[in-house]
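Residue-level listing of the chains:
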Amino acid sequence: MKLVYENTGCEVKCGDVARTFRGEAVYIEGWREPAHPGSTGRVYVKFFGDNGWSQEFYPSVVGAVWVQ
């Protein structure tokens with residue numbers, strides 16, 4: 001299973017710069033595959049800016065989906 005950007009089909013890579021659905025720029029730090037069929041997995045991101053917060057999101061927040 002791999003994580004790709006829904007709009008381009010390109011594979012998500014650590015260090016990519018993506019935007020959340022709110023328009024916030026984030027660095028992709030990693031991800032976790034879905035644990036079971038009802039799960040979406042998670043994407044770990046770090047925000048730009050002075051605070052540099054790290055957070056985990058559903059993949060759809062950064063426009064990504066899992067493909068086989």
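Residues numbered from 1 in each chain as written. Predicted model: local features only at pLDDT ≥ 70, side-chain atom pairs only at ≥ 80, totals over all residues. Heavy atoms only, no water.

Draft legend 1. Focus on the overall build of the protein chain. Helices and strands together make up the secondary structure of the protein chain, namely 0 helices and 6 strands. Overall, the protein chain shows an N-to-C arrangement of helices and strands of β-β-β-β-β-β. Once the C-alpha set of the protein chain is aligned to its principal axes, its extents read approximately 35 × 25 × 20 Å. Residues classed as buried in the protein chain amount to 29% of the 68 residues present. Looking at the protein chain as shown, the accessible area adds up to about 4,500 Å², and 51% of this sits on carbon and sulfur atoms. Distance between charge centroids for the protein chain: 1 Å, based on 7 positive and 8 negative side chains. (Helix = DSSP H or I, 4+ residues; strand = E, 2+ residues; numbered from the N terminus. Buried < 20%, exposed > 50% of the residue type's maximum accessible area, 1.4 Å probe, protein only. Areas by Shrake-Rupley, 256 points an atom, 1.4 Å probe, with all protein chains shown as cover. Lys, Arg positive; Asp, Glu negative; His and termini not counted. Charge placed at Lys NZ, Arg CZ, Asp CG, Glu CD.)

Draft legend 2. Local environment of the sheet that holds strand 4 (residues 42–47). Pairing is antiparallel across the open sheet formed by 4 strands, whose spatial order is 2-3-4-5. Only two strands of the sheet have a single neighbouring strand rather than two, namely strand 2 (17–19) and strand 5 (54–57). Averaged over all pairs of adjacent strands, the angle between their axes in this sheet comes to 45 degrees, without regard to strand direction. Across 6 bridges, the pairing between strand 3 (residues 25–32) and strand 4 is antiparallel. (Pairing = 2+ DSSP bridges. Axes fitted to C-alpha atoms, helices over the stretch in contact; angles between N-to-C directions.)

Draft legend 3. Examining a nonpolar patch on the surface more closely. On the surface, a nonpolar cluster with roughly 270 Å² of combined accessible area is contributed by V17, Y27 and F48. Residue F48 is classed as partly exposed on the basis of its relative accessible area of 37%. (Patch = residues over 30% accessible without salt bridge, like charges linked within 9 Å, V, L, I, M, F, W, Y side chains within 5 Å. Salt bridge = Lys/Arg side-chain N within 4 Å of Asp/Glu carboxyl O.)

Draft legend 4. Quick look at the side chain of T20. Secondary-structure assignment places T20 in the loop between strand 2 and strand 3. Here T20 falls in the buried class, since its relative accessible area comes to 5%. Apart from the residues within four sequence positions on either side, T20 is in contact with V26, F57 and V61. (Contact = heavy atoms within 4.5 Å.)

Draft legend 5. Quick look at the pairing of strand 6 (residues 64–67). Alternating positions in strand 6 separate cleanly, A64 and W66 being buried on one face and V65 and V67 remaining unburied on the opposite face. In terms of strand pairing, strand 1 (residues 2–5) meets strand 6 through 4 bridges, oriented antiparallel. Within strand 6, the residue paired with Y5 across the bridge is A64.

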